[in-house]
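Below are the chains, spelled out letter by letter.
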Amino acid sequence: MLEETAPEWLSEEVKTGTTIIAIEFNGGVVLGSDSRVSAGASVVNRVMNKLSPLHDKIYCALSGSAADAQTIAEIVNYQLDVHSTEIGEDPQVRSAATLVRNISYKYKEELSAHLIVAGWDRRGGGQVFATLNGLLTRQPFAVGGSGSLYVYGFVDAEYHRGMSRKESQQFVVNTLSLAMNRDGSSGGVAYIVTIDEHGTEEKVILGNQLPTFFDQ
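As the structure is a computational prediction, the values presented were derived from the model and not from experiment.

## Side note on the overall build of the protein
- Within the protein one finds five helices and twelve strands.
- In terms of C-alpha radius of gyration, the protein reaches 18 Å, essentially the compact-globule figure of 17 Å for 216 residues.
- Across the 216 residues of the protein, 46% fall into the buried class.
- A fraction of 64% describes how many contacts in the protein between residues 6 or more apart in sequence connect residues 24 or more apart.
- With the model as given, the accessible surface of the protein reaches about 11600 Å², and the carbon-plus-sulfur share is 48%.
- Side-chain charges of the protein comprise 17 positive and 26 negative groups, with the mean position of each set lying 7 Å from the other.

So, in structure tokens, the structure goes:
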């Protein structure tokens, strides 16, 4: 009797894609993401918000497996609430990033997710941290996801230190627009979150309102 074999597609790794970015400016941070959730060649969600709050002035940008990334964000959100209650003040951005790093490293064999953590606290101001499989590093800006491969040259050429709030917001929007136009796994609308000492501002930019460039 011949053994039945499962279809090859059942054992293949499901490819996901996204574009996320965060940048520091003088006084705060700006995070941005596209909204498309893909599984291989299929789009399973067109308008997912990949910018998840970890605390009042700390957010993370999600990439990788949507389920894994959301689970990490929810766990860290709970732990930060407890930590904030214990110390009687808002947590530091580095504390949030460290929690994300610890979970990502501990379950690196089980989880497939990369989170960029960014926010503002009274000790360090605006901060951006990249976390990946035990890595924790503060950077003036960070990009991630499949769409980042298409925009590294753009961000390296256009970024400069000392950017204002408005310049940083436009930098994030332009980067997302370019990535969403070139990466088939990125698309939908652009979510933007700006955080400073005064609070958090969230904004959604529809696809037809994103800037266009000469070759589009």
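Okay, back to it.
## Considerations on empty space enclosed by the protein
- Counted by the stated rule, this structure contains one cavity of 30 Å³ or more.
- Counted as a void, the largest cavity has a volume near 110 Å³.
- The leading source of residues in the lining of the largest cavity is strand E6 (residues 58-64), at three residues.
- Looking at the lining of the largest cavity, its residues break down into five nonpolar, seven polar and two charged.

## As for the packing of aromatic side chains
- Counted according to the given criterion, the structure contains four aromatic pairs.
- Summarising the aromatic geometry, the rings of Phe141 and Phe171 are spaced 6.2 Å apart at their centres and angled 70° between planes, so their arrangement reads as edge-to-face. Of this pair, Phe141 sits in strand E10 (residues 141-144) while Phe171 is found in helix H5 (residues 165-182), placing the two residues 30 residues apart along the sequence.
- Overall, Phe141 belongs to the buried group, its relative accessible area being 15%.
- Phe171 sits in the buried class, given a relative accessible area of 4%.
- With a centroid separation of 6.3 Å and an interplanar angle of 65°, the aromatic rings of Tyr159 and Phe171 are classed as edge-to-face. On the criterion of sequence distance, the pair formed by Tyr159 in the loop between helix H4 (152-158) and H5 and Phe171 in helix H5 is long-range, its members being twelve residues apart.
- By relative accessible area, Tyr159 is classed as buried at 17%.
- Above the face of the Tyr105 ring, Lys108 is positioned so that its terminal group lies 4.1 Å from the ring centre.

## Here we look at the UniProt feature "active site" (unreviewed entry) in the protein
- When the UniProt feature table is mapped to this numbering, "active site" (unreviewed entry) covers Thr18.
- Mapped onto the elements of the fold, Thr18 is located in the loop between helix H1 (8-11) and strand E1 (20-25).
- The buried category is assigned to Thr18, whose relative accessible area is 4%.
- In this structure, Thr18 is in contact with Asp34, Lys50, Leu62, Ser63, Gly144, Gly145, Ser146, Gly147, Asp183, Ser185 and Ser186, ignoring residues within four places of it in sequence.
- Within the structure, Thr18 has its side chain in polar contact with the side chain of Asp34 (distance 2.8 Å).

## Things to note about the sheet that holds strand E5 (residues 51-55)
- The sheet built from five strands is open, its strands ordered E5-E6-E7-E8-E9 with antiparallel pairing. Unpaired on one side and paired on the other, E5 and strand E9 (135-138) mark the two borders of the sheet. Neighbour-to-neighbour, the strand axes of this sheet turn through a mean angle of 25°, independent of strand direction.
- When E6 meets strand E7 (residues 113-121), the two strands line up antiparallel, connected through seven bridges. In the strand pairing of E7, Gly64 is matched with Ala113.
- Here helix H2 (residues 66-87) sits on the sheet and contacts E5, E6 and E7; the angle it forms with E5, its principal contact strand, is near 20°.

## Description of the pairing of E5
- Burial analysis of E5 places four of its five residues in the buried class, which makes it a mostly covered element.
- Here E5 runs beside E6; their pairing, made up of four bridges, is antiparallel. The partner of His55 across the bridge, within E6, is Ile58.
- Hairpin remark: E5 followed by E6, antiparallel, with two residues in the connecting loop.

Cut-offs and rules
Residues numbered from 1 in each chain as written. Predicted model: local features only at pLDDT ≥ 70, side-chain atom pairs only at ≥ 80, totals over all residues. Heavy atoms only, no water. Helix = DSSP H or I, 4+ residues; strand = E, 2+ residues; numbered from the N terminus. Rg over C-alpha atoms; globule rule 2.2 N^0.38 Å. Buried < 20%, exposed > 50% of the residue type's maximum accessible area, 1.4 Å probe, protein only. Contact = heavy atoms within 4.5 Å. Areas by Shrake-Rupley, 256 points an atom, 1.4 Å probe, with all protein chains shown as cover. Lys, Arg positive; Asp, Glu negative; His and termini not counted. Charge placed at Lys NZ, Arg CZ, Asp CG, Glu CD. 1 Å grid on protein atoms, 1.4 Å probe; cavity = no way out; pocket = protein on both sides within 12 Å on 5 of 7 lines; lining within 4 Å. Points joined across faces, edges and corners; volume = space filled by probe spheres on them. Nonpolar A, V, L, I, M, F, W, Y, C, P; charged D, E, K, R; others polar. Phe/Tyr/Trp six-rings, centres within 6.5 Å; stacked < 30°, edge-to-face > 60°. Lys NZ or Arg CZ within 6 Å of the ring centre and 35° of its normal. UniProt positions renumbered as here; feature names shortened; annotations may be inferred. Polar contact = N/O pair within 3.5 Å; in protein donor to acceptor, adjacent residues only side chain to side chain. Pairing = 2+ DSSP bridges. Axes fitted to C-alpha atoms, helices over the stretch in contact; angles between N-to-C directions.

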